[in-house]
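# An overview of the molecular structure
One letter stands for each residue in the lines below.
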Amino acid sequence: MGLSNSQYNAIMRVYNQRQFQNKREQDARRQALYRELPELERLSDAITASMAQAGRCRLKGDTAKEKMLKEEAALLREQKARSMRRAGYPEDYLEMHYQCPSCRDTGYADGKKCHCFRHMEIEILYDQSNIREILQRENFDTLSMEYYDRETIHEKLGMTVYAYMSTVIEDCKAFVEQFSEEKGSILFTGNTGCGKTFLSNCIARELIRRYFSVVYLTATDMFDILSKSRFGDRDDEEARDKASYILECDLLIIDDLGTELINTFTASQLFYCVNERLNRKKGTIISTNLAISRLQDDFTERVTSRIMSRYRVIPLVGADLRMAEAAG
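Remember, predicted model here, so these are calculated numbers, not experimental data.

The next thing to look at is the nonpolar core. One finds M165, F188, I203, L207 and L251 to be the most contacted residues of the largest nonpolar core, which totals 32 residues. Listing elements by their share of this core, those giving two or more residues are α6 (161–177), β3 (186–189), α7 (196–209), β4 (214–218) and β5 (251–257). If one sorts the elements of this core by residue count, α6 sits on top with eight residues. If sequence neighbours within four positions are ignored, L251 has contacts with F175, F179, I203, L207, S213, V214, V215, R277, G283, T284 and I285.

Given below as structure tokens:
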């Protein structure tokens, strides 16, 4: 998803301010240096005059004189550089100094967004994701396996919960690595506290750090936004922007599906959102406490079938990690 016009314009204003500040600082350096070394100003004026005259000669077709004047200007530049070196100043002291030399504070290098533009963009994406502070606590670096049972073989899994969750975590990391080529989708199922939201946040943080746009919403908040966009004030541009983010962001996280009031509107909007994002080749993560059969009953077979056929379904098992952490 690209930035909104207002977000893009805000970033470009930063670059405009940088350019203005760069020019002010350059003028200040030039004025101070010319006061200290007046001969430099005379040399600069002579260089400018020679180049201007060379330009006029080029228009007249007098290439010989043009060449002579350019050579004269080159000698004057060298004389100016020697004077600055003797005075202890670097040769580029009077040049424009940029905060980002790669793009010269324009935001673009070689026709593409510069890395400095991307850094500002990622800050916006963090804020837009609604989970900046949470991602500082919940990520792959802080993920702990200490509360998963390493001894007991789980009846349905045929392995320990620790071994199973280890494979799930590796799958989540693989999802991140493959996201640029294939924006897949995941359905996390399981009881409260088994790590669905935590793993969603781990994935979100890694993708945001790679400059993908991520929007995190509880199911209740998402349906509220869609409702306001559809039935609210037609002049509410913010509501329309939020609704467009839901469809256009690279990764949409819908947390706690099934905790909202379920009705024909929410069922139809869930199908629309799931189907539209699949058609646009956008990734989605849905977490729910509902079993698949309950999901089908509440949101219709049409919705569930679309999810089951195109999403990676990952059941999470184990004790309530929140309770275990609180007890520990």
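Turning to the pattern of salt bridges, a few remarks are in order. Within the structure shown, the criterion is met by 15 salt bridges. With a closest N to O distance of 3.1 Å, R205 and D141 form a salt bridge. You can see R205 sitting in helix α7 and its partner D141 sitting in the loop between α5 (132–137) and α6, a full 64 residues away along the chain. Classification of R205 by relative accessible area gives buried; the value is 15%. With a relative accessible area of 61%, D141 lands in the exposed category. Here the salt bridges do not stand alone but share partners, grouping E78, R82, R85 and E91 into one network.

Calculation notes
- Sequence order as written defines the numbering, with residues in each chain counted from 1.
- It should be noted that, the model being predicted, local features are given only for residues of pLDDT at least 70 and side-chain atom pairs only at 80 or more, the latter also being counted only at that level, while totals for whole chains, interfaces and linings use all residues.
- Just so you know, side-chain values use all the structure's heavy atoms and leave hydrogens and water out.
- Note on terminology: a nonpolar core comprises buried Ala, Val, Leu, Ile, Met, Phe, Trp, Tyr and Cys residues joined through side-chain atoms within 4.5 Å.
- We call a residue buried when its accessible area falls under 20% of the maximum for its residue type, exposed when it is over 50%, and partly exposed in between, using a 1.4 Å probe and counting protein chains only.
- Labels follow the DSSP assignment, with helices taken as runs of H or I lasting at least four residues and strands as runs of E lasting at least two, numbered in each case from the N terminus.
- Residues count as neighbours in contact if any of their non-hydrogen atoms are within 4.5 Å of one another.
- Salt bridges are identified by distance alone: a Lys or Arg side-chain nitrogen within 4 Å of an Asp or Glu carboxyl oxygen.

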